[in-house]
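One-letter residues, chain by chain:
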Amino acid sequence: MEILGNLFYGLGVAVSPQNLLMALFGVILGVAIGAMPGLGSVNGVAILLPITFAVPPTSAIIFLAAIYYGAMYGGAISSITLNIPGASTAVATTFDGYPLARRGKAADALVTAAVASFIGGTISIVLFTFFAPPLAEFALRFGPPEEFAVVLLAYATFAGLGGESPLKTIIATMLGLLMSTVGTDIVSGSPRLIFGGITGFYHGINFLVLAIGIYGVGEIFYTLEEGFKTKERYQAKLGVAEILSTLKRLTQCTSTIMRGSLLGFFVGMLPAAGATPASFMSYSIAKRFAKKPEEFGKGALEGVAAPECANNAASTGSMLPMLTLGIPGSPTTAVMLGALFVWGLVPGPRLFVENAEFVWGLTGSLYIANTMAVIVAIFAVPIFIWMLRMPMTILAPIILVVCAVGGFSPTQDMFDVYLMFIFGAVGYIFRKLDYPLAPMVLALVLGGLTERTFRQSMIMSHGSPGIFFDFAGHPIAAVLMMVSAVLFVLPLVPMILKFRVSRAGTSS
Amino acid sequence: MMKSLKASRRAIPFLTLALSLFIVVALGTTQALAAWKPTRPIEFVIMAGKGGGADRIARLMQKIVTQNKWSPQPLVPINKKGGSGAEAMLYLLSKKGNPHVILVTLNSFFTTPALRKLPVNYTKLTPVYRLAMDTFLLWVNTKSGIKNIDDFVKAVKAKKGKWTMGGTGKMQEDQLVTNMLMQAYGLKGMITYVPFRGGGTVAKNLAGGHVDSTVNNPSEGLPHYPGKMRPIAALTPERIPAFKEVPTFKELGQPQLVYFMQRSINAPGGIPKDALAWYTDLFNKLCNSNEWKDYTSKKALNRACLSGAPLGKFFANEDTKHKKLLMGMGLLKN
């Protein structure tokens, strides 16, 4: 077993005092960065990159990977406690995490998120350790048509999950798609919907600006109206007994977590797709398989576990194409890839041979960082619970400031902060009118990718949509398209059946 | 400068300035070193997204400057990727006279202002330094069996207009090179250009067999070389040292097929002369550092240090050349 030998070697590299310290620092910083809405792992890694210049590349990548990892844990924290996803990967965590927090069960949700993340991460790291090179071959087979099929699959799993009104879901989705077209169009190269040249629209509408606006700021507006009934909202407790009982209940989610982790790893591994669709797909699949799907959205532990295990699994998965193919599987790995070049390393199959210390040291450290992260995240829970007990009159202004920082940091443009407050008002109105927010956010996150891969495929096929159904030329795309088609039709079946039954009833 | 010192009421900027002046004196530099020093963090604007080629280079520069402690203030990279560089260039225009903002450029520095009729182009900015010229190669998938340029031309013609070329963005470097190739070999209308988001993605799509060819930079092709990607010819006047066995188009009888991507630094227009001198000195040190030499040789870039009036002339030439290329493609009218 050559791989086991390499792994032990890597663990040996990772447990050197310097590397252990780097991993611990990275994890703690990562959890903090992830918990701050708007900072997120992309900006965190980019900002902290200069710190790594002083240490050798192996320690540096261990540090950056630990931040990435920690941020995935931390991202769940603001989703659950404040209903503000700190990164697109944590949007799905708000669906059930925040209702749980409102019912005074924030601690349960946070522990669930941490444990699910740990399992997802571990499964993913094991797959990464043993199958990285063959999986890289598999990832290479994904071109634009395959990527489009994956995105379509993400929409398909999500269809039928919307609110009570399908029309409202469709409107919200369309608005999200429309917003995703703002900015530079990659196929024609022209800027679109910039309203006569407003510079702030050139870079498009950043996901975080929308998410922080409609969730964070919108939530504050909503709370203002409701009045500050904090006492009934957050009576969270956390002790050893609570953790144990949560862990016990988590054993019922085993299959959800296993499915979510595997799905997360594979989707994360595909360049371009990444952790966000993975977390949405995992959530939707968990709901479909659930014994009590009606509990989803109202505070089901499974609804927290599913996206969290998937996004952590995906974060490890996205390191695979970074190291083996030199392409980022996520925005954060794009920055890490840049760091790789700064250190003078060339990604690719040869990296595994020529820089074994680097690759296997990183692999070894992932096991260690993952374990550290779950401990740090659980220890951090009481801090956040304490924070939630603060009166809303203090908490609300703090959240607003954090939101503003979050809106500013990705692009460093004040325009985005104003835009964020406008979205806050939109979020408030949407909630009043009972429009679902999640489809709009999902559409904005995936819209650009959907359009780009579709148009690239059409250019490649010289305008023939047959490229998506070509079992000989693009078997993966064709199979995924079929699965999507089935998933789109599935929610309609009960409706059609009901319709026929009611017609049969009237005619007899 | 005295004025600004008087105006500053806080001690810290004053101390920093005093300290940095002291260091300059203490170092005993006899040369008339620039009297200007940055007093605030320097905004290092990148006209592309995080993780792209320009971003990598910017962060490498940040590393070299930080490690050698060449600047009393940090370089803070800021990505302004919108509008193929339009956002970044308009930002620099709005910072006229501000010496604490610099821009790291690619060739969209020439194409974007022309195509988008922006109120800014290279003449509205201060050229500071050119550090490198990135090179281009024509690549195919190893499975294609194409070994040389004749095979390539034959294969393109055999596909009867269905040949695909992957590249970064639209009407940017890769598409210009593609068009130059088509003109040189009489392949007009036979190659379909497929735009992707970044050079790494382009290379992956060739390695995975989703497009038929690319014109990737050497550093982008390296992860898949020699297993999955094969270079056919280089768009350089001399062979690239890292790819000694690959002929240049010049050797193959197409001397006009030479194209570079310049990596240079620009500041807003109207910055103080002293500030320009300080930056020129900084990037001169950087360009001649061992770290930069090492990086450029590993990544098969041409290290190309240039500043002052020759740089201005170089920009003017490149600008004319790019306008001609765009006109040749019918994308730009006089």
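All values derive from a computational prediction rather than experimental measurement.

Side note on the overall build of chain A
(1) Moving on: When you go through chain A residue by residue, the secondary structure sums to 23 helices and two strands.
(2) Moving on: Its C-alpha atoms give chain A a radius of gyration of 22 Å, within 12% of the compact-globule value 23 Å for 508 residues.
(3) Moving on: Dimensions of chain A, computed from the C-alpha atoms along their principal axes, are close to 75 × 60 × 55 Å.
(4) Moving on: Per-residue burial over chain A gives 60% buried out of 508 residues.
(5) Moving on: As displayed, chain A has an accessible area near 19100 Å², and 72% of this comes from carbon and sulfur atoms.
(6) Moving on: The positive charge centre, built from 27 side chains, and the negative charge centre, built from 24, are 11 Å apart in chain A.

Concerning the overall build of chain B
(1) Moving on: Counting secondary structure elements, chain B contains twelve helices and eleven strands.
(2) Moving on: By the burial criterion, 58% of the 334 residues in chain B qualify as buried.
(3) Moving on: By element, 56% of the accessible surface of chain B is carried by carbon and sulfur atoms, the whole surface being about 13900 Å².

Thoughts on the state of the cysteines
(1) Moving on: With the rule as written, the count across this model stands at one disulfide over all chains.
(2) Moving on: Here Cys-287 of chain B is linked by a disulfide to Cys-305 of chain B, with a sulfur-sulfur distance of 2.1 Å. Residues Cys-287 of chain B and Cys-305 of chain B are joined by a disulfide whose S-S torsion is about -90°; by sign, that bridge is left-handed. Remark: Cys-305 of chain B occurs in strand 11 (residues 302-307) and Cys-287 of chain B occurs in helix 10 (residues 273-287); sequence separation between them is 18 residues.
(3) Moving on: According to the relative accessible area criterion, Cys-287 of chain B is buried, its value standing at 0%.
(4) Moving on: With relative accessibility at 28%, the residue Cys-305 of chain B sits in the partly exposed group.
(5) Moving on: Of the cysteine sulfurs around Cys-253 of chain A, a residue in no disulfide, the closest is that of Cys-309 of chain A, at 9.5 Å.

Re the domain arrangement of chain B
All names here are of chain B.
(1) Moving on: Split into domains, chain B comes out as domain 1 (33-134 + 260-328) and domain 2 (137-243).
(2) Moving on: Measuring from the centre of the C-alpha atoms in domain 1 to the corresponding centre in domain 2 gives 28 Å.
(3) Moving on: Across the contact, 18 residues belong to domain 1 and 17 residues belong to domain 2.
(4) Moving on: Summing the contributions of domain 1 and of domain 2, the shared interface buries around 1300 Å²; its carbon and sulfur component is 62%.
(5) Moving on: Contact with domain 2 buries area across many residues of domain 1, yet Phe-260, Ala-300 and Leu-325 alone supply 30% of it, more than any other trio.
(6) Moving on: Linking domain 1 with domain 2 are zero salt bridges.
(7) Moving on: Taken together, the links from domain 1 to domain 2 amount to three residue pairs in polar contact (both at pLDDT 80 or more).
(8) Moving on: Elements with a minimum of two residues in the side of domain 1 that touches domain 2: helix 5 (108-116), strand 10 (261-268) and helix 12 (308-328).
(9) Moving on: Per-class residue counts for the side of domain 1 that touches domain 2 are seven nonpolar, six polar and five charged.

Things to note about the nonpolar core
(1) Moving on: In this structure, Trp-343 of chain A together with Met-61, Phe-152, Phe-283 and Trp-292 of chain B are the most contacted members of the largest nonpolar core, which totals 264 residues.
(2) Moving on: Per-element tally for this core: the top contributor is helix 18 (residues 356-388) of chain A, with 17 residues.
(3) Moving on: If we ignore the near neighbours within four places in the chain, the residues touching Phe-152 of chain B are Leu-138, Val-140, Ile-146, Trp-163, Leu-187 and Ser-213 of chain B.
(4) Moving on: Membership of the second largest hydrophobic core comes to nine residues, among which are Val-115, Ile-243, Leu-250 and Ile-257 of chain A.

Notes on the interface of chain A and chain B
(1) Moving on: Between chain A and chain B, the residue contacts involve 51 residues of the former and 48 residues of the latter.
(2) Moving on: Across the interface of chain A and chain B, roughly 4000 Å² is buried in total on both sides, 61% from carbon and sulfur atoms.
(3) Moving on: Its largest share of buried area at the contact with chain B, chain A owes to Phe-53, Leu-140 and Phe-341 of chain A, together 16% of the area lost on that side.
(4) Moving on: Remark: the boundary between chain A and chain B carries two salt bridges.

Digging into the pattern of salt bridges
(1) Moving on: Using the criterion set out here, one finds 16 salt bridges over all chains in the structure.
(2) Moving on: What you see here is one network of salt bridges that share partners, running through Asp-185, Arg-192, Glu-451 and Arg-455 of chain A.

Concerning the sheet that holds strand 1 (residues 42-46) of chain B
Residue and element names in this part refer to chain B.
(1) Moving on: Ordered in space as 2-1-3-10-4-11, the six strands form an open sheet in which the pairing is mixed. Both edges of this open sheet fall to strand 2 (75-79) and strand 11, since each of them pairs with a single strand only. Adjacent strand axes in the sheet meet at a mean angle of 20°, parallel and antiparallel pairs treated alike.
(2) Moving on: The sheet contact formed by strand 4 (residues 125-134) and strand 10 spans eight bridges and is antiparallel. Bridged to Pro-127 within strand 10 is Asn-266.
(3) Moving on: Along the sheet face, helix 10 touches strand 1, strand 3 (101-105), strand 4, strand 10 and strand 11 and points at about 5° away from the line of strand 4.

Section: the sheet that holds strand 9 (residues 229-234) of chain B
Residues and elements named next belong to chain B.
(1) Moving on: Taken together, the five strands give an open sheet; going across it, the order is 7-6-8-5-9, and neighbouring strands pair in mixed fashion. The open sheet has two edge strands, strand 7 (191-196) and strand 9, and neither has a second partner.
(2) Moving on: Relative to strand 9, strand 5 (residues 137-141) is paired through five bridges, and the arrangement is antiparallel. Considered in strand 9, the bridge of Trp-139 is made with Pro-231.
(3) Moving on: Across the sheet, helix 7 (residues 173-184) lies against strand 5, strand 6 (163-168) and strand 7, angled at about 170° from strand 7, the strand it touches most.

Remarks on the packing of aromatic side chains
By convention here, two paired aromatic rings are described through the distance between centres and the angle between planes.
Residues and elements named next belong to chain B.
(1) Moving on: Here the structure, examined in full by the defined rule, presents 30 aromatic pairs over all chains.
(2) Moving on: Judged by centre distance (5.7 Å) and plane angle (70°), the ring pair of Trp-36 and Trp-278 falls under edge-to-face. Of the two residues, Trp-36 is situated in the loop between helix 2 (11-26) and strand 1 and Trp-278 in helix 10; the sequence distance between them amounts to 242 residues.
(3) Moving on: Judged by its relative accessible area of 13%, Trp-36 falls in the buried class.
(4) Moving on: A centroid spacing of 6.1 Å and a plane angle of 80° characterise the contact between Trp-139 and Tyr-225, whose relative ring orientation is edge-to-face. A residue pair is termed long-range when its members are at least 10 positions apart, and Trp-139 in strand 5 and Tyr-225 in the loop between helix 9 (218-221) and strand 9 qualify at 86 residues. No difference in accessibility class separates Trp-139 from Tyr-225, as the two residues are buried.
(5) Moving on: Above the face of the Tyr-91 ring, Lys-80 is positioned so that its terminal group lies 4.5 Å from the ring centre.
(6) Moving on: Cation over ring: Arg-130 sits above Phe-314, and NZ or CZ is 4.5 Å from the ring centre.

A look at the confidence of the model for chain B
Residues and elements named next belong to chain B.
(1) Moving on: Averaged over every residue, the pLDDT of chain B is 87; residues scoring 70 or more account for 89%.
(2) Moving on: For residues 1-9, every residue scores under 50 in pLDDT, and the model assigns this stretch four contacts once sequence neighbours within four places are set aside.
(3) Moving on: Segment residues 24-32: pLDDT under 50, and three contacts once partners within four positions in sequence are set aside and those in other chains are kept.

Structural notes on the environment of Tyr-222 of chain A
All names here are of chain A.
(1) Moving on: Assignment of secondary structure puts Tyr-222 in helix 9 (residues 207-226).
(2) Moving on: Look at Tyr-222 and you get partly exposed, because its relative accessible area is 22%.
(3) Moving on: In this structure the C-alpha to C-alpha distance between Tyr-222 and Ser-284, which are 62 residues apart in sequence, comes to 27 Å.
(4) Moving on: When near neighbours in sequence (up to four residues on either side) are disregarded, Tyr-222 contacts Tyr-428 and Arg-431.

Focus: helix 14 (residues 301-317) of chain A
(1) Moving on: Here helix 14 of chain A contains 17 residues, and its C-alpha end-to-end distance of 24 Å stays within 8% of the 24 Å for a straight helix at 1.5 Å per residue.
(2) Moving on: The buried count for helix 14 of chain A comes to 16 of 17 residues, which makes it a mostly enclosed element.

Points about unusual backbone geometry
(1) Moving on: Looking along the chain, the bond that leaves Tyr-225 of chain B and enters Pro-226 of chain B is cis, with omega of 0°.
(2) Moving on: The phi dihedral of Phe-195 of chain A is positive, around 50°, even though this residue is not glycine.
(3) Moving on: On the secondary structure map, Phe-195 of chain A appears in the loop between strand 2 (191-192) and helix 9.
(4) Moving on: Looking at Phe-195 of chain A, the relative accessible area reads 58%, which means it is exposed.

Observations concerning helix 12 (residues 254-269) of chain A
Residues and elements named next belong to chain A.
(1) Moving on: Taking 1.5 Å per residue, 16 residues should reach 22 Å; helix 12 reaches 23 Å between its end C-alpha atoms and fits that length.
(2) Moving on: Considered for burial, the residues of helix 12 that qualify are Thr-256, Ile-257, Gly-260, Ser-261, Gly-264, Phe-265, Val-267, Gly-268 and Met-269.
(3) Moving on: Tucked into the core, helix 12 has its buried residues touching helix 6 (106-140), helix 11 (240-250), helix 13 (275-289), helix 14 and helix 15 (319-325).

Cut-offs applied
Along every chain, residues carry numbers that run from 1 in the direction the sequence is written. Chain letters start at A and ligand numbers start at 1, both assigned in the order the entries are written. Reporting in this predicted model follows two pLDDT cut-offs: at least 70 for local features of residues, and 80 or more for side-chain atom pairs to be given and counted; totals over whole chains, interfaces and linings ignore these cut-offs and use all residues. Hydrogen atoms and water are omitted, and side-chain values are computed over all heavy atoms in the structure. Numbering goes from the N terminus for both helices and strands, where a helix is a DSSP run of H or I of at least four residues and a strand is a run of E of at least two. Atoms counted for the radius of gyration: C-alpha only. Globule rule: 2.2 Å times the number of residues to the power 0.38. Each residue is assigned to one of three classes by its accessible area relative to the maximum for its type, calculated with a 1.4 Å probe on protein chains only: buried under 20%, partly exposed between the two thresholds, exposed over 50%. The method behind every accessible area is Shrake-Rupley, applied with a 1.4 Å probe, and residues are considered shielded solely by the protein chains displayed. For the purpose of counting charges, residues Lys and Arg are taken to be positive, whereas Asp and Glu are taken to be negative. His and the chain ends are not included. The atom standing in for a charge is NZ when the residue is Lys, CZ when it is Arg, CG when it is Asp and CD when it is Glu. In plain terms, two cysteine sulfur atoms within 2.5 Å form what is called a disulfide here. Domain borders in the structure are assigned automatically or taken from a domain database. Between two residues, a contact is recorded if the distance between any of their heavy atoms is within 4.5 Å. We define buried area as the total accessible area lost by two parts upon association, computed with a 1.4 Å probe and summed across both. Note on definitions: salt bridges are taken to be side-chain nitrogens of Lys or Arg within 4 Å of carboxyl oxygens of Asp or Glu. What qualifies as a polar contact is a pair of N or O atoms within 3.5 Å, subject to a donor-acceptor requirement within protein and to the restriction that residues adjacent in sequence count only when both atoms come from side chains. Here the nonpolar group is Ala, Val, Leu, Ile, Met, Phe, Trp, Tyr, Cys and Pro; Asp, Glu, Lys and Arg are the charged ones; every other residue, Gly included, is treated as polar. Side-chain atoms within 4.5 Å are what join buried Ala, Val, Leu, Ile, Met, Phe, Trp, Tyr and Cys residues into a set we call a nonpolar core. Being paired, for any two strands, means DSSP has found at least two bridges between them. Between N-to-C directions, angles cover 0 to 180 degrees, with each direction set by a line fitted to C-alpha atoms, over the stretch in contact for helices. Working definition: a ring pair exists when centres of Phe, Tyr or Trp rings (six-membered ring for Trp) sit within 6.5 Å. Plane angles under 30 degrees give stacked, over 60 give edge-to-face, the rest tilted. By the criterion adopted, a ring carries a charge over it if an Arg CZ or a Lys NZ lies within 6 Å of its centre and within 35 degrees of its normal. You can read pLDDT as the predictor saying how much it trusts each residue, on a scale of 0 to 100. Any helix carries an expected span of 1.5 Å times its number of residues minus one.

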